[in-house]
Amino acid sequence: MAKRKRTFEPIPLADIVHRLGRLQVPHWCGEAWRLYDLAGGTDSSLPVIELGCWAGYSAAVMAAAGRAVVTIDPHDPELYNPTQLAIADGRDMAQVARDAWEVLGIADRITLIGATGADAAKQAPSKTSLLYLDANHHEADVRADLELYAGRVVAQGCCALHDWGDRGDEAIPWGVREAWRDYALTYDGCWSDYVSVYGHLADIVRLD
Ligand SMILES: C[S@@+](CC[C@H](N)C(=O)[O-])C[C@H]1O[C@@H](n2cnc3c(N)ncnc32)[C@H](O)[C@@H]1O
């Protein structure tokens, strides 16, 4: 079997997780391994598209798998949930992410577009083999993001969605799962019926 061309050399995930100081977040570590595998197992000649960068952790994980990553986030405190607002504590989270990537030696793998998914749609890559949605989790927003981006996933590529399930602690409940079900019904046949769920991370393979 021909060896897949990788744009960048993979870096061991344990090293990245340790240096990001995330070893003490057990549920995140498990999901990070799953995301690393998805990034390493899909066509590396295309960039990953991520919606929702925050401090750059998940972008770092996918970049460590040897991928070019385009991550989209306006980093607008108005869009942060109360927990994120408290953690940000006035810091510029885009800069926090960039500094982390620099320290990890992966800054050249990651492009940050400082805009909402909707505003970045024209600028973002037209094709991807891995779409990772982790922006606003309310049903209508996820549905809109899917409408704009899921069609860019190539056959045998994958759509991964974070915060699948009912863990919402905000005034408006999350609707990631509901948004996907609604979207998949509309695009019946393009996507596998099988949703693989690991922790709060779900992924679905594109069939054609
Ligand atoms: C849960 S955090 C992302 C965490 C990140 N994926 C990680 O695991 O390291 C959600 C992020 O989505 C961003 N966000 C909110 N609405 C957005 C939108 N419409 N488009 C893109 N990003 C958005 C927020 O600014 C926030 O940084």
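The following paragraphs examine the structure supplied in this document.

Topic: the sheet that holds strand 5 (residues 153-162)
Pairing in this open sheet of seven strands is mixed, and the strands run 3-2-1-4-5-7-6 from one edge to the other. The strands lining the two open edges of the sheet, one partner per strand, are strand 3 (110-113) and strand 6 (196-198). In this sheet, neighbouring strand axes are inclined to one another by 15° on average, regardless of whether the strands run parallel or antiparallel. Bridging between strand 2 (residues 69-72) and strand 3 involves four bridges; their strand directions are parallel. Across the sheet, Val-70 pairs through a bridge with Thr-111, a residue of strand 3.

Examining the nonpolar core
Leu-35, Ala-60, Val-61, Met-62, Ala-64, Leu-131 and Ala-160 are the most contacted members of the largest nonpolar core, which has 59 residues in total. Looking at which element gives the most residues to this core, the answer is helix 3 (residues 57-64), with seven residues. When near neighbours in sequence (up to four residues on either side) are disregarded, Met-62 contacts Leu-35, Ala-39, Val-48, Arg-67, Val-69 and Tyr-132.

About the criteria used
Within every chain, residues take consecutive numbers counted from 1 along the sequence as written. For a predicted model such as this one, the threshold for reporting local features is a pLDDT of at least 70, and the threshold for listing and counting side-chain atom pairs is 80 or more; totals across whole chains, interfaces and linings nevertheless cover every residue. DSSP bridges decide pairing: two strands pair if at least two such bridges lie between them. The way it works is that DSSP assigns letters per residue, a run of H or I at least four long becomes a helix, a run of E at least two long becomes a strand, and they are numbered from the N terminus. Under this scheme, a helix contributes an axis fitted over its contacting stretch, all axes are lines through C-alpha atoms, and angles between N-to-C directions fall in the 0 to 180 degree range. Any nonpolar core is a set of buried residues, restricted to Ala, Val, Leu, Ile, Met, Phe, Trp, Tyr and Cys, that join up through C-beta atoms within 7 Å. Exposed residues have 12 or fewer other C-beta atoms within 10 Å of their own C-beta, buried residues have 20 or more, and partly exposed residues fall in between, where C-beta atoms are placed from the backbone. We call two residues in contact whenever the C-beta atoms placed from their backbones are within 7 Å.

Read these as spatial facts, not as claims about activity.
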